[in-house]
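Coordinate inspection notes
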Amino acid sequence: LLEAELFGYEKGAFTGAVSSRPGKFELAHGGTLLLDEVTEMPVHLQAKLLRVLQEEEVDRLGGRSPVKIDVRIIATSNRNLLETIAEGQFRQDLYYRLNVVSVQLPPLCRRPDDVLPLAEHFLAHFSSMYGKPSPALTAEAVHAMKAHRWPGNARELENCMHRAFLTAIDGRIGASHLGIAPAPQAAAADNADNTEEISAGMSIRDMERALIEKTLMHVRDNRQEAAKLLGISIRTLRNKLKEYESGTGIANSTVHA
């Protein structure tokens, strides 16, 4: 499938090929083609990619003659390419063919000044996606974001902003909306606030119940959002709430969604 997508195919080349179709290289003729995470490409296809780059032509699956192309290639990877070559997972000759101009992008933890502009960019994107005003980042949220190490880099930040956009229903994003480890001072304050909720000797069931109650209050009783933040299904959440109601009960504000 990857070979067909990249290089195209002719009618009848395989079962289901009811018509000819150009591949991504042909479609990018005269422009630029991005090969994202190129190190994940199977080794046998790397050989064909190398030939395409060297000969500047592609052979469609089932084709009888090559098709000339003029394409600029940008290849990316989040892996150490030299280590991948040493492990036999990436061809050395393809590496040197691609590595004409190399750009090493440092991880987000080494680019703290990029965190806030990227966060605002993602919020603007979600504002356009959902057709709603973008919530404002509070000073508390900005402090927590700058203190976070962002091991997942920009993708983690994008996911964080998506979560915050959905949960910050009052138009302001606080540290609690981010879903990341709080900054040291904030963590100390949170621990002080939670000493009565979770303490030594407390049963797992009571801890679970306290967490569910606090999450429901945080999202203003929106069970769908609470289940998403807790990492459980909405059905599991409903079952848990029924268990608590049949026992000692929980606050009405968390029972009714």
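Residues numbered from 1 in each chain as written. Predicted model: local features only at pLDDT ≥ 70, side-chain atom pairs only at ≥ 80, totals over all residues. Heavy atoms only, no water.

Time to look at the layout of surface pockets. Any space left empty among the atoms is revealed by the rolling of a water-sized probe across them. There is about 1,500 Å³ of room inside the largest pocket. Elements with a contribution of two residues or more to the lining of the largest pocket: helix H3 (43-55), strand E4 (72-75), helix H4 (81-86), helix H5 (92-98) and helix H8 (153-167). (1 Å grid on protein atoms, 1.4 Å probe; cavity = no way out; pocket = protein on both sides within 12 Å on 5 of 7 lines; lining within 4 Å. Points joined across faces, edges and corners; volume = space filled by probe spheres on them. Helix = DSSP H or I, 4+ residues; strand = E, 2+ residues; numbered from the N terminus.)

The next thing to look at is the packing of helix H10 (residues 204-218) against helix H11 (residues 223-230). Orientation of H10 relative to H11, taken along the N-to-C sense of each, is 130 degrees, at an axis distance of 9 Å. Comparing their axes, H11 and H10 come out oblique. Of the two possible hands of crossing, H10 and H11 adopt the one that is right-handed. On the side of H10, the interface is formed by Leu211, Ile212, Thr215, Leu216 and His218, while H11 contributes Arg223, Ala226, Leu229 and Leu230. Considered class by class, the residues forming the contact of H10 with H11 number six nonpolar, two polar and one charged. (Axes fitted to C-alpha atoms, helices over the stretch in contact; angles between N-to-C directions. Parallel < 35°, antiparallel > 145°, perpendicular 65-115°, else oblique. Left-handed = near helix turned anticlockwise from the far one by under 90°. Contact = heavy atoms within 4.5 Å. Nonpolar A, V, L, I, M, F, W, Y, C, P; charged D, E, K, R; others polar.)

Okay, the confidence of the model for the protein chain next. Across the protein chain, pLDDT averages 83, with 86% of residues at or above 70. Confidence drops under a pLDDT of 50 for residues 182-196, and excluding neighbours within four residues, the segment shows seven contacts in the predicted structure. Overall, residues 248-257 carries pLDDT values under 50, and its contacts beyond four positions in sequence, including any with other chains, amount to 20 contacts. (pLDDT = per-residue confidence, 0-100.)

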